[in-house]
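One letter stands for each residue in the lines below.
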Amino acid sequence: MRASIQPVSAVPANLLFEHLRQYGLPAEIINWKYFDPGFRHSGERGWVWLKEDKVKGLIGLLPFTLASTAGEKEGKTVTLEIRDTPYKG
């Protein structure tokens, strides 16, 4: 399989679980963050780097809303990176 970048929603869940479990994430947390429709809101929860039928990296997206004291609301997203090899800047 050629390397590709896919949205989390297009990747078989077992591949994402296998990748994230190696970092010590419990199955309950993985399910909640990436597959729970109540927490997920709308849109993608991240992007996955696939190579040779394995997840080699993940950029997770955690959306949230900021509200000001004046009642204004603004959507924001936090990103996090989990990948197969250590970063060598």
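Residues numbered from 1 in each chain as written. Predicted model: local features only at pLDDT ≥ 70, side-chain atom pairs only at ≥ 80, totals over all residues. Heavy atoms only, no water.

Asker: It is not clear to me how the environment of Phe 17 should be interpreted in this structure. Could you clarify?
Answerer: With respect to the helices and strands, the residue Phe 17 is situated in helix H1 (residues 13-21). Residues Phe 17 and Tyr 34, 17 residues apart in the sequence, show an inter-C-alpha distance of 9.7 Å. (Helix = DSSP H or I, 4+ residues; strand = E, 2+ residues; numbered from the N terminus.)

Asker: Sorry, what's going on with the environment of Leu 16 here?
Answerer: Checked against the element boundaries, Leu 16 lands in helix H1. Residue classification places Leu 16 among the buried residues on the basis of a relative accessible area of 1%. With near-sequence residues (within four places) excluded, Leu 16 lies in contact with Val 8, Tyr 34, Phe 35, Val 48, Val 55 and Leu 58. (Buried < 20%, exposed > 50% of the residue type's maximum accessible area, 1.4 Å probe, protein only. Contact = heavy atoms within 4.5 Å.)

Asker: Looking at this structure, how should I read the nonpolar core?
Answerer: If you look at soluble globular proteins, the nonpolar side chains tend to sit buried side by side. Val 8, Val 11, Leu 15, Leu 16, Phe 17, Leu 20, Ile 30, Tyr 34, Val 48, Leu 50, Val 55 and Leu 58 together form the largest nonpolar core, which totals 12 residues. For this core, the secondary structure elements donating two or more residues are H1, helix H2 (27-35), strand E2 (46-51) and strand E3 (54-67). The leading source of residues in this core is H1, at 4 residues. (Core = buried A, V, L, I, M, F, W, Y, C linked by side-chain atoms within 4.5 Å.)

Asker: What's the story with the packing of aromatic side chains in this structure? I'm lost.
Answerer: Any aromatic ring pair is given by two values, namely how distant the centres are and how the planes are angled relative to each other. Overall, the coordinates contain 1 aromatic pair when judged by the stated rule. Residues Phe 17 and Phe 35 carry aromatic rings whose centres are separated by 5.7 Å and whose planes lie at 10° to one another, so their mutual orientation is stacked. Pair noted here: Phe 17 is in helix H1 and Phe 35 is in helix H2, with a separation of 18 residues, a long-range link. (Phe/Tyr/Trp six-rings, centres within 6.5 Å; stacked < 30°, edge-to-face > 60°.)

Asker: Explain the pattern of salt bridges to me, please; I cannot follow it from the model alone.
Answerer: Opposite charge on two side chains makes pairing possible when the charged atoms of those side chains draw close. Tallied over the entire structure, the rule returns 1 salt bridge. In this structure, the salt-bridge partner of Glu 74 is Lys 76, at a minimum N-O distance of 2.9 Å. Judged by its relative accessible area of 45%, Glu 74 is partly exposed. (Salt bridge = Lys/Arg side-chain N within 4 Å of Asp/Glu carboxyl O.)

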